[in-house]
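Observations on chain architecture
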Amino acid sequence: MDQWNADLYKEKHAFVFEYGNSLIDWLQPQAGEAILDLGCGTGELTAQLAQKGAIVTGIDASAAMIKSASAHYPEVTFAVADATTFALPQQFDGIFSNATLHWVPEKEKAIARMYTHLKKGGRLVIEMGGKGNVQHILTALEKAMQQRGYTYEPFWYFPSPAEYITLLEKAGFKIDRVHFFDRPSKLVDPETGISDWLEMFGGHFFAGVPEKDKGAILQQVQHELAPKLMRNGDLYADYVRLRVAATKI
Ligand code: BEZ
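Below or above, wherever it landed, is the structure these notes cover. Keep in mind the model is a prediction, meaning the values are calculated, not measured.

Some thoughts on the site of the ligand
- The ligand sits among A99, H102, W103, N133, W156, F158, W197, F201, Y239 and R241.
- Measuring from an oxygen atom of the ligand, one finds a side-chain N or O atom of R241 at 2.2 Å.
- Taken by itself the ligand offers 260 Å² of open surface, and the protein chains cover 98% of this.
- Residue assignment for the shell around the ligand shows that the elements contributing at least two residues are α9 (193–201) and β8 (234–248).
- Its residues assigned to classes, the shell around the ligand shows 7 nonpolar, 2 polar and 1 charged.

A few points about the packing of helix α6 (residues 107–116) against helix α8 (residues 161–171)
- As a packed pair, α6 and α8 sit with axes 10 Å apart at the nearest point and diverge in direction by 45 degrees. It follows that α6 is oblique to α8 by the angle criterion. Relative to α8, α6 is oriented so that their crossing is right-handed. Here α6 contributes K107, E108, I111, M114 and Y115 to the contact with α8, which in turn contributes Y164, L167, L168 and A171.

Focus on α6
- For α6, the set of buried residues is A110, I111 and M114. Taken around the axis of α6, the buried residues stretch over an arc of 100 degrees, which confines them to a single face.
- The secondary structure elements touched by the buried residues of α6 are β1 (34–38), β4 (92–98), β5 (118–129), α8 and β6 (173–186).

Section: the packing of aromatic side chains
- Scanning the model with the defined rule gives 13 aromatic pairs in all.
- When the ring of W103 is compared with that of W156, the centres are 5.5 Å apart and the planes differ by 85 degrees; the resulting orientation is edge-to-face. Here the residue W103 occupies a position in the loop between β4 and α6, and W156 occupies one in the loop between α7 (135–147) and α8, the gap between them amounting to 53 residues.
- Centroid distance F155 to F205: 6.5 Å. Interplanar angle 70 degrees. Geometry classified as edge-to-face. On the criterion of sequence distance, the pair formed by F155 in the loop between α7 and α8 and F205 in the loop between α9 and α10 (211–229) is long-range, its members being 50 residues apart.
- Residue F205 is classed as buried on the basis of its relative accessible area, which comes to 6%.
- What links up through ring pairs into an aromatic cluster is the set W103, Y152, F155, W156, F158, W197, F201, F205 and Y239.
- Positioned above the aromatic ring of Y236, the side-chain terminus of R231 is 4.5 Å from the ring centre.
- The ring of Y115 has K248 lying over it, and the distance from NZ or CZ to the ring centre is 4.4 Å.

Conventions used here
- Each chain carries its own residue numbering, running from 1 in the direction its sequence is written.
- In keeping with the model being predicted, local features are shown solely for residues with a pLDDT of at least 70 and side-chain atom pairs are shown and tallied solely at 80 or more, while totals for entire chains, interfaces and linings include all residues.
- Hydrogens are left out, water is left out, and the side-chain values use all remaining heavy atoms of the structure.
- One heavy atom suffices: a residue is near a molecule or strand as soon as one of its heavy atoms comes within 4 Å of it.
- In protein, a polar contact requires one atom able to donate a hydrogen and another able to accept it; more generally it is a pair of N or O atoms within 3.5 Å, and residues adjacent in sequence count only if both atoms are side-chain atoms.
- Accessible areas in this description were obtained via Shrake-Rupley with a 1.4 Å probe; residue shielding takes into account the shown protein chains only.
- Secondary structure is summarised from DSSP: a helix means a run of H or I of at least four residues, a strand means a run of E of at least two, and numbering begins at the N terminus for each.
- Throughout, the ten residues Ala, Val, Leu, Ile, Met, Phe, Trp, Tyr, Cys and Pro are labelled nonpolar, Asp, Glu, Lys and Arg are labelled charged, and all others, Gly among them, are labelled polar.
- Axis geometry follows a simple rule: fit a line to the C-alpha atoms, using only the stretch in contact for helices, then measure angles between N-to-C directions, giving values from 0 to 180 degrees.
- Note on terminology: angles under 35 degrees are roughly parallel, angles over 145 are roughly antiparallel, angles of 65 to 115 are roughly perpendicular, and the others are oblique.
- Each crossing gets its hand from how the near helix is turned against the far one by less than a right angle, where anticlockwise is left-handed and clockwise is right-handed.
- Should any heavy atoms of two residues lie within 4.5 Å, those residues are counted as being in contact.
- Using a 1.4 Å probe on the protein chains alone, a residue whose accessible area is under 20% of its type maximum counts as buried, one over 50% counts as exposed, and one in between counts as partly exposed.
- By arc we mean the arc of the directions from the helix axis to the C-beta atoms, nothing more.
- What counts as a ring pair is set by centres within 6.5 Å for rings of Phe, Tyr and Trp (its six-membered ring), and what kind of pair is set by the plane angle: stacked under 30 degrees, edge-to-face over 60, tilted for all other angles.
- Geometrically, a charge over a ring is one whose NZ (Lys) or CZ (Arg) sits within 6 Å of the ring centre while staying within 35 degrees of the ring normal.

This is the structure in structure tokens:
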């Protein structure tokens, strides 16, 4: 089932692609280069890559996201495809991926697909949630779920720099640059921001949880975390980013 609501994503969580702008500087796409945007979501960054003159393909596992991307940026090529299985009829000069790879537990498969789709000397530039990402949110969620008798199952893959670099090197990449850093990310509505974030991204935690209990869990997490994650009246998700630039050798 396609869980994504493209409108809600753009309305309340635009920071996901807004912060991605500076990742484009890491890639330095040149006019005429073939670039793949892996996990392109609603296509904002894909369109920005295309504006630099690159010939861009955006892929995403969500049909809802690709539908939205294609409607807003008809000049760009988009396709529904999974990070672990995609097979495109060309190799690329660069692969770009923002805020996607933490959704892919089969990380070796995704890395192998990226390697195969790069030309020799091609550049990989990725950003994903790193070790400790949204830890306050997940700890509070686990507690609230357990207090009501539900099991909390960790879901996302937030690697340390050492772990992810090791995987890339094993696959044949040369690591060029790594940045591991905190990026508190402002949520649109301080009253409901954490609850909205979990509604948007954390649906899998609530499979089998009745709506009434889900509402109570979300309220508790929001209430408990507000003092911890509030600064000057704004609420911030405790994002930790892992950025890597690497080359296929
Ligand atoms: C992230 O970008 O860190 C992220 C986004 C959605 C869910 C989990 C992590």
